[in-house]
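Working through the structure, step by step
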Amino acid sequence: MSKEKDEIPVVRRAYPEDLGELAEEHTPETEGPAIRTVEPDHLGTWLGKGWRDLWNTPVALIHGLVIAIAGLVVLGLSWNQPWMAFSFLAGFLFLGPVFAVGVNYLALEREQGRSTGVGLGWVTHLGGSVWVFALLLALIFVIWSSFVWMWIGVLNIGALGVTGQLHHMVAAMLTTGSGIISLIGVIVAAIVFGLLAFVLSLVTLPAMIDYRAREETPQATLFDAIGVSLKAFNHNRGTLILWGLIITALFVVSVATALLALIVIFPWLGFAMWHGYRDLVETP
């Protein structure tokens, strides 16, 4: 037989003989801390702990006062441009997690037993990460505002009296055919954009604050924290959607009181979300 016929063909294996040599696939599910499963009754616990923190850290009310004043000024300047005022109101929900970073930092200081200032330590604690995240949420807000302008200000400018004031537009949305169509479109868009902002920011800033406070994870990035939020939502969709509805309902209460209730509700929710982070995410 020829030399070629005597050769034994080489079998190329697509997998190693020892399955222990297989490297674990790196995915958002395998990376980062483990996520706990929470039930709807946990939400009441978050709110209860947040309320106690607020009473024990009254300086947090300054954050609520600043947000309420800023909101009233913005609404006052945009009252005669109803689509803009409507966009800004929803923008509080989109950008709320960034506004609450000072309250989240107060929660960390309180947890560590440190004397609390007014919660401005996050400026040096987080560095540029918080501004990058703020730009991301601001981009979502700009897209939302552009949609509202196109949907209300252009497609229905005659029937909805866009040149009037905010309460005129709301009345037209509830009493005219084109207004009801516009209202449905705005609600659908608010759900889509609001859910996107909510999922991206669920525990992102609490995670970033916690990462920087723990020496084990100083290298953690903003994208790691966003990944934790996505993972937490994926594991607890029903409960966390309910949490988002509770936040929205409390914001509606604030609007009904001309944003005065926001002085208390805003820092209350900021503290509650810190406890939500501790409940959702397993940390050393």
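Residues numbered from 1 in each chain as written. Predicted model: local features only at pLDDT ≥ 70, side-chain atom pairs only at ≥ 80, totals over all residues. Heavy atoms only, no water.

**Structural notes on the pattern of salt bridges**
Between side chains of opposite charge, a pair can form as their charged atoms come close. Selection rule: Think of a salt bridge as a Lys or Arg side-chain nitrogen and an Asp or Glu carboxyl oxygen that are within 4 Å of each other. A run of H or I in DSSP counts as a helix once it spans at least four residues, and a run of E counts as a strand once it spans at least two, with each numbered from the N terminus. To sort residues, take the accessible area from a 1.4 Å probe on protein chains only and compare it with the maximum for the residue type: under 20% means buried, over 50% means exposed, and anything in between is partly exposed.
Applying the stated criterion across every chain, the model contains three salt bridges. With a shortest N-O distance of 3.1 Å, Arg 110 and Asp 53 are connected by a salt bridge. Here Arg 110, found in helix H5 (residues 101-111), pairs with Asp 53, found in helix H2 (residues 40-56); they are 57 residues apart in sequence, far enough to count as distant. Residue class for Arg 110 comes out partly exposed when judged on its relative accessible area of 33%. Across the salt bridge formed by Arg 278 and Glu 111, the nearest N and O atoms sit 2.6 Å from each other. Residue Arg 278 is found in helix H14 (residues 262-280), and its partner Glu 111 is found in helix H5; the two are separated by 167 residues along the sequence. Since its relative accessible area comes to 41%, Glu 111 is described here as partly exposed.

**Some thoughts on helix H11 (residues 204-213)**
With eight of 10 residues buried, H11 lies mostly within the body of the structure. Of all the residues in H11, the buried ones are Thr 204, Leu 205, Pro 206, Ala 207, Met 208, Ile 209, Asp 210 and Tyr 211.

**With respect to the environment of Phe 94**
Looking at where Phe 94 falls in the secondary structure, it is placed in helix H4 (residues 82-99). Owing to a relative accessible area of 4%, Phe 94 belongs among the buried residues under this scheme. Separated by 44 residues in the primary sequence, Phe 94 and Ala 138 have C-alpha atoms spaced 7.9 Å apart.

**Here's the deal with the packing of aromatic side chains**
Our working rule: Working definition: rings of Phe, Tyr and Trp (its six-membered ring) pair if their centres are within 6.5 Å, and the pair is stacked with planes under 30 degrees apart, edge-to-face with planes over 60 apart, and tilted otherwise.
Counted under the stated rule, the structure contains nine aromatic pairs. When the ring of Trp 46 is compared with that of Trp 243, the centres are 5.2 Å apart and the planes differ by 80°; the resulting orientation is edge-to-face. Taken together, the residues span a long stretch of sequence, with Trp 46 in helix H2 and Trp 243 in helix H13 (residues 237-256) at a distance of 197 residues. Exposure remark for Trp 46: the relative accessible area of 1% places this residue in the buried category. The exposure class of Trp 243 is buried, given its relative accessible area of 0%. Between the aromatic rings of Trp 51 and Trp 268, the centroid separation amounts to 5.1 Å while the plane-to-plane angle is 70°, which identifies the pairing as edge-to-face. With a gap of 217 residues between them, Trp 51 in helix H2 and Trp 268 in helix H14 connect regions that are remote in the sequence.

**Digging into the layout of surface pockets**
Rules: Only protein atoms enter the 1 Å grid used here. Points where a 1.4 Å probe fits but cannot escape make up a cavity, open sets with protein on both sides within 12 Å along at least five of seven lines make up a pocket, and a residue lines them when an atom lies within 4 Å of a point. Grid points are joined across faces, edges and corners, and a volume is the space filled by probe spheres set on the points. Gly is put with the polar residues, along with every residue not named as nonpolar or charged; the nonpolar set is Ala, Val, Leu, Ile, Met, Phe, Trp, Tyr, Cys and Pro, and the charged set is Asp, Glu, Lys and Arg.
Roughly 1400 Å³ of volume is contained in the largest pocket. Looking at the largest pocket, it is lined by 47 residues, and the ones nearest its centre are Leu 93, Gly 244, Ile 247, Thr 248 and Phe 251. Taken together, the elements giving at least two residues each to the lining of the largest pocket come down to H4, helix H9 (166-175), helix H10 (177-201), H11, H13 and H14. Taken together, the residues of the lining of the largest pocket break down into 39 nonpolar, eight polar and no charged.

**Section: the confidence of the model for the protein**
What counts is decided by this rule: Per residue, pLDDT measures the predictor's confidence, with a range of 0 to 100. Contact criterion: two residues are considered in contact whenever any of their non-hydrogen atoms come within 4.5 Å of each other.
Predicted confidence across the protein gives a mean pLDDT of 80, with 76% of residues reaching 70 or more. Below pLDDT 50 for its whole length, residues 157-161 participates in 12 contacts with residues either more than four positions away or in separate chains.

**Observations regarding the packing of H11 against H14**
Put simply, the rule is: Geometry is summarised by axes, namely lines fitted to C-alpha atoms with helices restricted to the contacting stretch, and by angles between N-to-C directions that run from 0 to 180 degrees. If an angle is under 35 degrees, it is roughly parallel; if it is over 145, roughly antiparallel; if it lies from 65 to 115, roughly perpendicular; otherwise it is oblique.
Between H11 and H14, the least distance of the axes is 9 Å, while the angle of their chain directions is 70°. By the angle between their directions, the pair H11 and H14 is classed as roughly perpendicular. The segment H11 lies against H14, with Pro 206, Ala 207, Ile 209 and Asp 210 engaging Trp 274, Tyr 277 and Arg 278. Looking at the contact of H11 with H14, its residues break down into five nonpolar, no polar and two charged.

**Here's the deal with the packing of H11 against helix H12 (residues 222-235)**
Here is the rule: Left-handed describes a crossing whose near helix is turned anticlockwise from the far helix by less than a right angle; the clockwise case is right-handed.
Taken N-terminus to C-terminus, the directions of H11 and H12 make an angle of 130°; their axes are 8 Å apart at the nearest point. Accordingly, the angle class assigned to the pair H11 and H12 is oblique. Crossing hand, H11 versus H12: right-handed. Where H11 approaches H12, its residues Thr 204, Ala 207, Met 208 and Tyr 211 are matched on the opposing element by Leu 222, Asp 224, Ala 225, Ile 226, Val 228 and Ser 229. Grouping the amino acids of the contact of H11 with H12 by side-chain chemistry returns seven nonpolar, two polar and one charged.

**Considerations on a nonpolar patch on the surface**
Heads up, the condition is: The patches described consist of residues with a relative accessible area above 30% and no salt bridge, like charges being joined within 9 Å and nonpolar side chains (Val, Leu, Ile, Met, Phe, Trp, Tyr) within 5 Å. All accessibility values rest on the Shrake-Rupley procedure with a 1.4 Å probe; residue burial counts only the protein chains present in the view.
A grouping of Trp 51, Trp 55, Leu 61 and Val 264 is seen on the molecular surface, where their side chains present a nonpolar patch of about 390 Å² in accessible area. Within the secondary structure, Leu 61 is located in helix H3 (residues 61-78).

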